[in-house]
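# Report on the structure
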Amino acid sequence: MNSPVMPNGPLYPANLSPQPQVIRLHHSKILALFRALDSVLVVCVLWVTLRLLQIEWNNSYAGFALAAVICFGFFAEGNEVYYLWRGYSMTSLASRLIFAWLGTALVMITALISVLRLGAIDFQAIILWLAITPEAVIGLHWARRAALAKLRSNPSEPRRAAIVGANELGVRMINSIASTPWLGYRIVGFYDDRVAKDKEGQRTIDVVEKKASLNGDLNKLYQDAHDGKIDIVFVTLPMRAELRIHSVIDRLADTTVTPYVIPDIFSFDLLHSRLTCIQGIPALSIYDSPLVDNSLAKRLEDIVIGFAMLVALAIPMLLIAIGVKLTSSGPIFFKQTRYGMGGEHIKVWKFRSMTVCEDGDSVTQAKKGDMRVTAFGNFLRRTSLDELPQLFNVLSGSMSLVGPRPHAVAHNEFYRGQIKGYMLRHKVKPGITGLAQINGYRGETETLDKMSGRIAYDLEYIRNWSLMLDVKILWGTLFRGFVGQHAY
């Protein structure tokens, strides 16, 4: 009996039903090996440290080393140390390893002081071990990359790569490959059949030819692939060229090259985009929140630093409360409805600085010389001291120390129709201070340009969020975030 022919597909035997196509994740055996080697190295460095200090290895140190290996594995996963993100610079990898080890060191020192008996473990030896280990781990990974770069640059194992698409994405691909010699790629050149007709893209073509040779059109690509001059093809055509992409892939099926399709997702204004896989189906988020994977770390930051700030500022806040009560009639605190994370309504606390407490569909933004602002309130607003009660919001979980400043509901509803992507700032919790505030966008935003500038910084914060960025913003707030010429 003849085998049935599947439309646009291969021949299938009569007793074999075609299964849904899936995409498998690329796993690196080398990274798996070095995950194990890092664990061994952590233990070995502790053993060598103890030997140098003439301290006997015992079960206490063995248990301590095992706990450190587990902690380091956890923090390394959080910092994506062993992810197959090809193209990380050595500096980027080193910083990820350092942050992973800093988290490990913090946990181990805390455990050593609060739980373990100091008499069983030499504290100075542990401190020395914590200082030496990251250098050893970074050195191991540097050696790995250097060895791979040397091995893959050997002409006996060529990995000749061609770029289909003489465009900005193709240039970016060239730059990425050039900066990662340990991947072992050698660029053959660009191929594109539109270059002679595309007048608008002529400037891009000029840039392309500075990066690699423009070898010809797609027919030339097929011929070079057929002749065995190419091993890998990266297709960087725009997503609207779906039919052309299919045509290229179908023609390359008559060769032995390995084609990769590079989707032009950078045409979107990505916001903390993440790649995931659902039963073999790749999925890419366009607008996402950094708190999806880091909510615990962010919350711990808010609780620890927020509580410390509340304790330190308790007496000044009490004095401010007395000043508000003595200088004008009305409540000490003013609670206004604003948007929180996900657009949820929250009540934001402030020291009352006006004679009115507006909270509704119509809220007038404070302006220079606003008669509603009390004399004491004017001082509080200029120095941002009226925002201190928002530490209660932080500890309760409705706000964060760092994030986009929350706006009144009425202002949100107005600006969401005026500024593209305005509501994306609610992908994270609002903050007492933020990237916009330390860059001069504090106080009144009487023009659309000023509000657009603030939103641009808010989205940049979400796009590049990290705990270190939060620390930098908190530090910058001490010098640039409390006062401003536009705070009324």
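Structure's up top.
These lines cover the structure that appears in this document, whether it is placed above or below. (Residues numbered from 1 in each chain as written. Predicted model: local features only at pLDDT ≥ 70, side-chain atom pairs only at ≥ 80, totals over all residues. Heavy atoms only, no water.)

### Brief notes about the overall build of the chain
Rule in force here: In this text, helices come from DSSP runs of H or I with a minimum length of four residues, and strands from runs of E with a minimum of two, each type numbered from the N-terminal end. A 1.4 Å probe rolled over the protein chains alone gives each residue an accessible area, and that area as a share of the maximum for its type sets the label: buried under 20%, exposed over 50%, partly exposed in between. Two residues form a contact once any of their heavy atoms are found within 4.5 Å. Each accessible area value is a Shrake-Rupley result obtained with a 1.4 Å probe; residue values ignore everything except the protein chains displayed when judging cover.
The number of helices and strands found in the chain is 15 helices and 11 strands. Across the 488 residues that make up the chain, the buried fraction comes to 41%. Once local pairs closer than 6 in sequence are excluded, the contacts in the chain between residues at least 24 apart make up 72%. Here the chain displays about 27,400 Å² of accessible surface, and carbon together with sulfur accounts for 61% of that area.

### Some words on unusual backbone geometry
The backbone of glutamine 54 sits at a positive phi, close to 55 degrees, despite the residue not being glycine. With respect to the helices and strands, glutamine 54 occurs in the loop between α1 (29–52) and α2 (59–78). For histidine 272, which is not a glycine, the phi torsion comes out positive at approximately 50 degrees. Here histidine 272 lies in the loop between β5 (258–261) and β6 (275–278). Residue class for histidine 272 comes out buried when judged on its relative accessible area of 19%.

### Some remarks on a nonpolar patch on the surface
Condition: Patch members must show over 30% relative accessible area and no salt bridge, and they are joined within 9 Å when carrying like charges or within 5 Å when they are nonpolar side chains of Val, Leu, Ile, Met, Phe, Trp or Tyr. Every case where a carboxyl oxygen of Asp or Glu lies within 4 Å of a side-chain nitrogen of Lys or Arg is listed as a salt bridge.
On the surface, a nonpolar cluster with roughly 550 Å² of combined accessible area is contributed by Trp47, Val48, Leu52, Leu53, Leu128 and Ile132. Looking at the nonpolar patch, the elements that each hand over two or more residues are α1 and α4 (123–152). Broken down by element, the nonpolar patch gets its largest block of residues, 3 residues, from α1. You can call isoleucine 132 partly exposed: its relative accessible area is 37%.

### Observations concerning the packing of helix α9 (residues 291–312) against helix α10 (residues 314–327)
Defined as follows: Here an axis means a line fitted to C-alpha atoms, over the contact stretch when the element is a helix, while the angle between two N-to-C directions is reported on a 0 to 180 degree scale. Each angle gets one of four labels, with under 35 degrees taken as roughly parallel, over 145 as roughly antiparallel, 65 to 115 as roughly perpendicular, and the rest as oblique. Asp, Glu, Lys and Arg are counted as charged, while Ala, Val, Leu, Ile, Met, Phe, Trp, Tyr, Cys and Pro are counted as nonpolar; the rest, among them Gly, fall into the polar class.
Interaxial distance between α9 and α10 falls to 4 Å at its minimum, and their mutual angle equals 60 degrees. As summarised for this structure, α9 and α10 are arranged oblique, according to the angle between their axes. Between α9 and α10, the residues in contact are Leu310, Val311 and Ala312 and Ala314, Pro316 and Met317, respectively. By residue class, the composition of the contact of α9 with α10 is 6 nonpolar, no polar and no charged.

### What about the sheet that holds strand β1 (residues 160–164)?
Which entries qualify depends on this criterion: Being paired, for any two strands, means DSSP has found at least two bridges between them.
Strands sit in the order β3-β2-β1-β4-β5 across an open sheet of 5 strands; the sheet is parallel. Each edge of the sheet is formed by a strand with only one pairing partner; in this case those strands are β3 (214–216) and β5. Sheet twist, expressed as the mean angle between neighbouring strand axes with direction ignored, is 30 degrees. In the sheet, β1 pairs with strand β4 (residues 232–235) via 4 bridges, with the strands oriented parallel. Note on β4: the bridge partner recorded for alanine 162 is valine 233.

### Some remarks on α1
Filter applied, for reference: Expected span, for any helix, means 1.5 Å times one less than how many residues it has.
With 24 residues, α1 extends 34 Å from end C-alpha to end C-alpha; this agrees with the ideal 34 Å at 1.5 Å per step. Those residues of α1 that sit buried are Leu31, Phe34, Asp38, Val42, Val45, Leu46, Thr49 and Leu50. Looking one or two places after α1, you find glutamine 54, whose phi comes out positive at around 55 degrees.

### A few points about the packing of helix α7 (residues 218–226) against helix α8 (residues 242–252)
Here is the rule we go by: If you view the pair so one helix is near and one far, a crossing is left-handed when the near helix is turned anticlockwise from the far one by less than a right angle, and right-handed when it is turned clockwise.
For the pair α7 and α8, interaxial distance at closest approach is 10 Å and the crossing angle is 25 degrees. In this view, α7 runs roughly parallel relative to α8, as classed from their interaxial angle. When the axes of α7 and α8 are compared, the crossing they make is right-handed. Residue-level inspection shows Leu218, Asn219, Leu221, Tyr222 and Ala225 of α7 in contact with α8, the latter providing Arg244, Ser247, Val248, Arg251 and Leu252.

### Quick look at the pairing of strand β9 (residues 345–351)
As judged from the 7 bridges shared by strand β8 (residues 333–339) and β9, these two strands associate in the antiparallel manner. Opposite arginine 338, over in β9, you have isoleucine 346 as the bridge partner. Hairpin connection of β8 to β9: 5 residues between the antiparallel strands, including glycine 342 at a positive phi of 75 degrees.

### Things to note about the nonpolar core
Our working rule: Among buried residues, the Ala, Val, Leu, Ile, Met, Phe, Trp, Tyr and Cys ones that are joined through side-chain atoms within 4.5 Å form a nonpolar core.
In terms of nonpolar packing, the biggest core is built from 33 residues, with Phe351, Tyr461 and Ile473 touching the most fellow members. Here this core takes 5 residues from helix α14 (residues 448–463), the largest share from any one element. Sequence-distant contacts of phenylalanine 351, that is, excluding residues within four places in its chain, are made with Met317, Ile320, Ala321, Val324, Ile332, Phe333, Leu380, Leu385, Asp386, Leu388 and Pro389. If you look at the next biggest cluster of nonpolar residues, it comprises 30 residues, including Ala105, Met108, Leu112 and Val137.

### With respect to the side chain of lysine 429
Threshold: Neither His nor the chain ends is counted toward charge; the positive residues are Lys and Arg and the negative residues Asp and Glu. The term polar contact refers here to a pair of N or O atoms within 3.5 Å; inside protein, the definition further demands a hydrogen-donor-capable atom paired with an acceptor-capable atom, and it admits residues adjacent in sequence only when both atoms are side-chain atoms.
Here lysine 429 lies in the loop between α13 (409–415) and β11 (431–433). Buried and unpaired, lysine 429 has aspartate 302 as its nearest opposite-charge partner, separated by 5.3 Å. Of note is the side chain of lysine 429, whose polar atom sits 2.9 Å from the backbone oxygen of glycine 397. The contacts of lysine 429, once residues within four sequence positions are left out, are Leu291, Arg299, Met341, Gly397, Met399, Ser400, Val402, Gly403 and Pro404.

### Focus on the pattern of salt bridges
Throughout the structure, instances matching the rule amount to 15 salt bridges. When the shortest N-O distance is used, the salt bridge between aspartate 224 and lysine 220 registers 3.0 Å. One end of the pair, aspartate 224, and the other, lysine 220, are both in helix α7, 4 residues apart, so they sit about a helical turn from each other. Judged by its relative accessible area of 5%, aspartate 224 is buried. A salt bridge links aspartate 269 to arginine 463, with the shortest nitrogen-to-oxygen separation between them at 3.1 Å. Remark: arginine 463 occurs in helix α14 and aspartate 269 occurs in the loop between β5 and β6; sequence separation between them is 194 residues. A single network of salt bridges, built from pairs that share partners, joins Lys350, Asp386, Glu387 and Arg405.

### Things to note about the side chain of histidine 407
Relative to the elements of secondary structure, histidine 407 occurs in the loop between β10 (400–402) and α13. Of note is the side chain of histidine 407, whose polar atom sits 2.7 Å from the side chain of tyrosine 422. Discounting chain neighbours no more than four positions away, the residues touching histidine 407 are Arg338, Tyr339, Asn412, Tyr422, Arg425, Met451, Arg454 and Ile455.

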